[in-house]
Amino acid sequence: MKKKKLLNENIKDILSKILRLRTQEIKDNTGVVNTPNWDSINQIEIIVALEKKYKIKFSQSEISKLDNYSNILKILKKKVS
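Throughout this document, residue positions are counted from 1 along each chain, in the order its sequence is written. Selection of residues for local features in this predicted model requires a pLDDT of at least 70, selection of side-chain atom pairs for listing and counting requires 80 or more, and totals for whole chains, interfaces and linings are taken over all residues. Here the side-chain values reflect all heavy atoms present in the structure, with hydrogen atoms and water set aside.

Asks: Which residues make up the pattern of salt bridges, and what are the values?
Replies: Any Lys or Arg side-chain nitrogen located within 4 Å of an Asp or Glu carboxyl oxygen qualifies as a salt bridge. Using the criterion set out here, one finds 3 salt bridges in the structure. Between E51 and K57 there is a salt bridge, and its shortest N-O distance comes to 3.8 Å.

If you want it as structure tokens, here you go:
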């Protein structure tokens, strides 16, 4: 449970820094379609930050699914478990 909470917090920290949001503003559905700052440049920054933080590489199919907070969490759980 602690690992899940830490993962949630780390993702929210990364998203808040890149998207200039407070962590409290980041909900499960926060993503490309409803967050004005989540543009293509910030999408790349999010991917790079996550890959560096967790020392992983996302596949092309995974990258295409990293379009909101809940999808990021779901994919990272699989990769870092």
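Next comes the rest of the write-up.
Asks: Describe helix 4 (residues 69-80), with residues and values.
Replies: Between its first and last C-alpha, helix 4 extends 16 Å over 12 residues, near the 16 Å set by a 1.5 Å rise per residue. With a 1.4 Å probe rolled over the protein chains alone, any residue whose accessible area is under 20% of its type maximum counts as buried; one over 50% counts as exposed, and the rest are partly exposed. In this description a helix means any DSSP run of H or I spanning at least four residues, a strand means any run of E spanning at least two, and both kinds are numbered starting from the N terminus. Listing the buried residues of helix 4 in full gives Y69, I72, L73, I75 and L76. In this analysis, the expected span of each helix is defined as 1.5 Å times one less than the number of residues it contains.

Asks: Can you tell me about unusual backbone geometry, naming the residues and giving the values?
Replies: A positive phi angle is found at R20, which is not glycine, with a value near 55°. Take R20: its relative accessible area is 61%, and that puts it in the exposed class. Of note in the backbone geometry, K55 takes a positive phi value of approximately 50° without being a glycine. Relative to the helices and strands, K55 resides in the loop between helix 2 (40-54) and helix 3 (60-65).

Asks: Lay out the side chain of Q43 with the relevant residues and their values.
Replies: Mapped onto the secondary structure, Q43 falls in helix 2. Any two residues whose heavy atoms approach within 4.5 Å are treated as being in contact. Residue contacts for Q43: discarding those within four places in its chain leaves V32, W38, I63 and L66.

Asks: How would you summarise the environment of N8 if you had to cite specific residues and measurements?
Replies: Here N8 shows up in helix 1 (residues 2-19). With sequence-adjacent residues up to four places away left out, N8 is seen in contact with Y69 and L73. N or O atoms closer than or at 3.5 Å make up a polar contact, with two conditions inside protein: a donor-capable atom paired with an acceptor-capable one, and, for residues adjacent in sequence, both atoms drawn from side chains. A polar contact of 3.2 Å, which involves the side chain of N8, links it to the side chain of Y69.

Asks: Run through helix 2, naming residues and quoting values.
Replies: In this model helix 2 runs 21 Å from its N-terminal to its C-terminal C-alpha over 15 residues, within 8% of the 21 Å that 1.5 Å per residue would give. Within helix 2, burial applies to N42, Q43, I46, I47, L50, E51 and Y54. The opening residue of helix 2, the one whose side-chain oxygen lies 3.3 Å from the backbone nitrogen of I41, is D39. One or two steps after helix 2, the chain reaches K55, where phi turns positive at roughly 50°.

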